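What follows is the residue order along each chain.
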Amino acid sequence: MNKAFAFTGLLLVLFGCNQNTKNSQTEERILSGNPLWEGWYADPEGVVFGDEYWIYPTFSAKYEEQVFLDAFSSKDLVTWTKHEGIIDTSIVKWANRAMWAPSAIEKDGRYFLFFAANDIQNQDGPYWKDNPDAAKQQGGIGIGVADSPAGPFADYLGKPLIDQFYNGAQPIDQYVFKAMDGKYYIVYGGWRHCNIGQLNDDFTALVPFEDGDLVKEITPEGYVEGPTFAIRNGKYYFMWSEGNWGDETYRVAYAISDSLFGPFERIGTILSQDPEVATGSGHHSVINVPNTDEWYIVYHRRPIPNEGRDHRVTCIDKLEFNEDGTIKPVKITFEGVEARPL
Ligand code: FUB
């Protein structure tokens, strides 16, 4: 549980030519490299806690082997420390497989890790077609709690926070954040539907909306899964994954709105494959360096050649904006990003 491994990025030595003097120059840049570390890891969520960057990914393997989550921390985006088994199914008794897409947030000195488990299927889904007499499956979105971002996380509720489908959304791929109204929200959903719900003050339940609904559907055109939000210049940037997570079509698109509840009109694709670098780039999150307009995108992609369904790696690149506030398409790289201590 406390074992940590460090991974260090690339020292890239660039040879440049000074146009005025024609003398050759050597410039040293320390880069993260991509992927950020060894091993198959997907659905990464990047977050800043104090003077450290943290990334919480899915361990990308067969569903039956996805019985734990690891985390990674860094002071500069280049050297990463692995924190093994911050939570697992021996702690979360109702979970037995498919621990996916963690989302971490600090509140009142405690760290909360929202995660999905068990890949539950609803009664219209393929599982139920083959098992019409099966009992309701246990699983959905749960919460871990710890005094440190490295865990160990305990099972906060002893049951899932969201344990069923609402509006057709599979309870997976959650992102938890503090909105501009000062309240905390969870946005989530697989199977081409996305919901948003408000969390109560101690994160023990969802606060129903005035009409009694527990969550509201905000699905934009093209949405498949992996929703996340960013807040910039008083606007909500809603981003999500499209295509098929198992192949090269996976990608990320976005919309901008003044309201958390939309409407969200799809503006365009910001992350996709580059056949020269990698395929299947998607299920991302963004990191904003506090008190700056510097942004990073943390995402997974498939190395070329891609030799297995679960061969996904975690990468980072710069996220940049145009003057009008729209997002520039991301250039995915092998170099990654330069050191950026907090
Ligand atoms: O990694 C498991 C699942 O694959 C995620 O929950 C989806 O978003 C897709 O990336």
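The residue numbering used here restarts from 1 in each chain and proceeds along that chain's sequence as written. Per-residue local features are limited, in this predicted model, to residues with pLDDT of at least 70; the limit for side-chain atom pairs, both in listing and counting, is 80 or more; totals at the level of whole chains, interfaces and linings are taken over all residues. Derived side-chain values reflect all non-hydrogen atoms in the structure, with water molecules and hydrogen atoms excluded from consideration.

Trainee: Can you tell me about the pairing of strand β17 (residues 225-232), naming the residues and giving the values?
Mentor: Working definition: with a 1.4 Å probe on protein chains only, accessible area under 20% of the residue-type maximum means buried, over 50% means exposed, and in between means partly exposed. Each helix corresponds to a stretch of at least 4 residues labelled H or I by DSSP, and each strand to a stretch of at least 2 residues labelled E; elements are numbered beginning at the N terminus. Counting buried residues in β17 gives seven out of eight residues, a clear majority hidden from the surface. Note: β17 against strand β18 (residues 235-242), six bridges, orientation antiparallel. Bridging from a neighbouring strand, arginine 232 pairs with lysine 235 of β18. Two strands pair under a simple rule: DSSP has to find at least two bridges between them.

Trainee: Hey, could you go over the pattern of salt bridges for me, with residue numbers and the actual values?
Mentor: Between side chains of opposite charge, a pair can form when the charged atoms approach closely. Any carboxyl oxygen of Asp or Glu that lies within 4 Å of a side-chain nitrogen of Lys or Arg is treated as forming a salt bridge with it. Here the structure, examined in full by the defined rule, presents 17 salt bridges. Residue glutamate 84 is joined to lysine 82 by a salt bridge in which the shortest nitrogen-to-oxygen separation is 3.9 Å. Relative accessible area serves as the criterion here: at 25%, glutamate 84 is assigned to the partly exposed category. A salt bridge links glutamate 242 to arginine 251; its shortest N-O distance comes to 3.1 Å. Shared partners join several salt bridges into a network, and the residues in it are Asp51, Glu52 and Lys75.

Trainee: I'd love a proper account of the packing of aromatic side chains, names of residues and values included.
Mentor: Stacked, tilted and edge-to-face pairs are distinguished by plane angle, under 30 degrees for stacked and over 60 for edge-to-face with tilted covering the rest, among Phe, Tyr and Trp rings (Trp via its six-membered ring) whose centres lie within 6.5 Å. For the coordinates displayed, the defined rule picks out 28 aromatic pairs. Ring centres 5.5 Å apart and planes at 65° place the aromatic pair tryptophan 37 and tryptophan 80 in the edge-to-face group. Of the two residues, tryptophan 37 is situated in the loop between β3 (24-31) and β4 (41-49) and tryptophan 80 in strand β7 (residues 80-88); the sequence distance between them amounts to 43 residues. Relative accessible area serves as the criterion here: at 4%, tryptophan 37 is assigned to the buried category.

Trainee: Explain the sheet that holds strand β21 (residues 278-288) residue by residue, including any values.
Mentor: On the basis of which strands lie adjacent, the open sheet formed by three strands has the order β21-β22-β23 and antiparallel pairing. Looking at the sheet topology across the chains shown, the edges are occupied by β21 and β23 (313-318). Neighbour to neighbour, the strand axes of the sheet diverge by 30° on average, direction disregarded. Between the N-to-C directions of two axes lies an angle of 0 to 180 degrees, each axis being a line fitted to C-alpha atoms and, for a helix, fitted only over the stretch in contact.

Trainee: Which residues make up the site of the ligand, and what values do they have?
Mentor: In the region of the ligand, the neighbouring residues are Asp43, Thr58, Trp100, Asp173, Glu225, Trp245, Tyr250, His283, His300 and Arg312. Whenever two N or O atoms come within 3.5 Å, that pair is a polar contact, provided that in protein one can donate a hydrogen and the other can accept it, and provided that, for residues adjacent in sequence, both atoms are side-chain atoms. Take aspartate 173: an N or O atom from its side chain is 2.5 Å from an oxygen atom of the ligand. Note that an oxygen atom of the ligand is positioned 3.4 Å from one of the side-chain N or O atoms of glutamate 225. Notes on the ligand: free accessible area 280 Å², of which the protein chains cover 98%. When residue character is reported, Ala, Val, Leu, Ile, Met, Phe, Trp, Tyr, Cys and Pro are called nonpolar, Asp, Glu, Lys and Arg charged, and the others, Gly included, polar. Across the shell around the ligand, the residue classes break down as three nonpolar, three polar and four charged. Think of it this way: one heavy atom of a residue within 4 Å of a molecule or strand is enough to make that residue near it. Computed with the Shrake-Rupley method and a 1.4 Å probe, the accessible areas treat only the protein chains shown as cover for residues.

Trainee: So what's going on with the sheet that holds strand β8 (residues 100-107)? Which residues, and what values?
Mentor: One open sheet accounts for four strands, arranged β8-β9-β10-β11; its pairing is antiparallel. Two strands in the sheet have a free side with no partner beyond their single neighbour: β8 and β11 (154-155). Sheet topology note: the β8/strand β9 (residues 110-117) ladder contains six bridges and is antiparallel. Across the sheet, residue lysine 107 finds its bridge partner in β9, namely arginine 110.

Trainee: Go over the side chain of asparagine 118 with me, naming the residues and quoting the values.
Mentor: Checked against the element boundaries, asparagine 118 lands in the loop between β9 and α1 (126-130). In this structure the side chain of asparagine 118 is engaged in a polar contact, spanning 2.7 Å, whose partner is the backbone oxygen of glutamine 138. Contacts are assigned to residue pairs that have any heavy atoms within 4.5 Å of one another. Sequence-distant contacts of asparagine 118, that is, excluding residues within four places in its chain, are made with Trp94, Ala95, Asn96, Arg97, Ala98, Gln138 and Gly139.

Trainee: Just give me the short version of the environment of phenylalanine 177, but keep the residues and values in it.
Mentor: For phenylalanine 177, the position within the fold is in strand β12 (residues 175-178). Here phenylalanine 177 is in contact with Ile105, Lys183, Tyr184, Tyr185, Val187, Ile196, Phe229 and Leu260, once residues within four sequence places are set aside.

So yeah, pure geometry; function would need other evidence.
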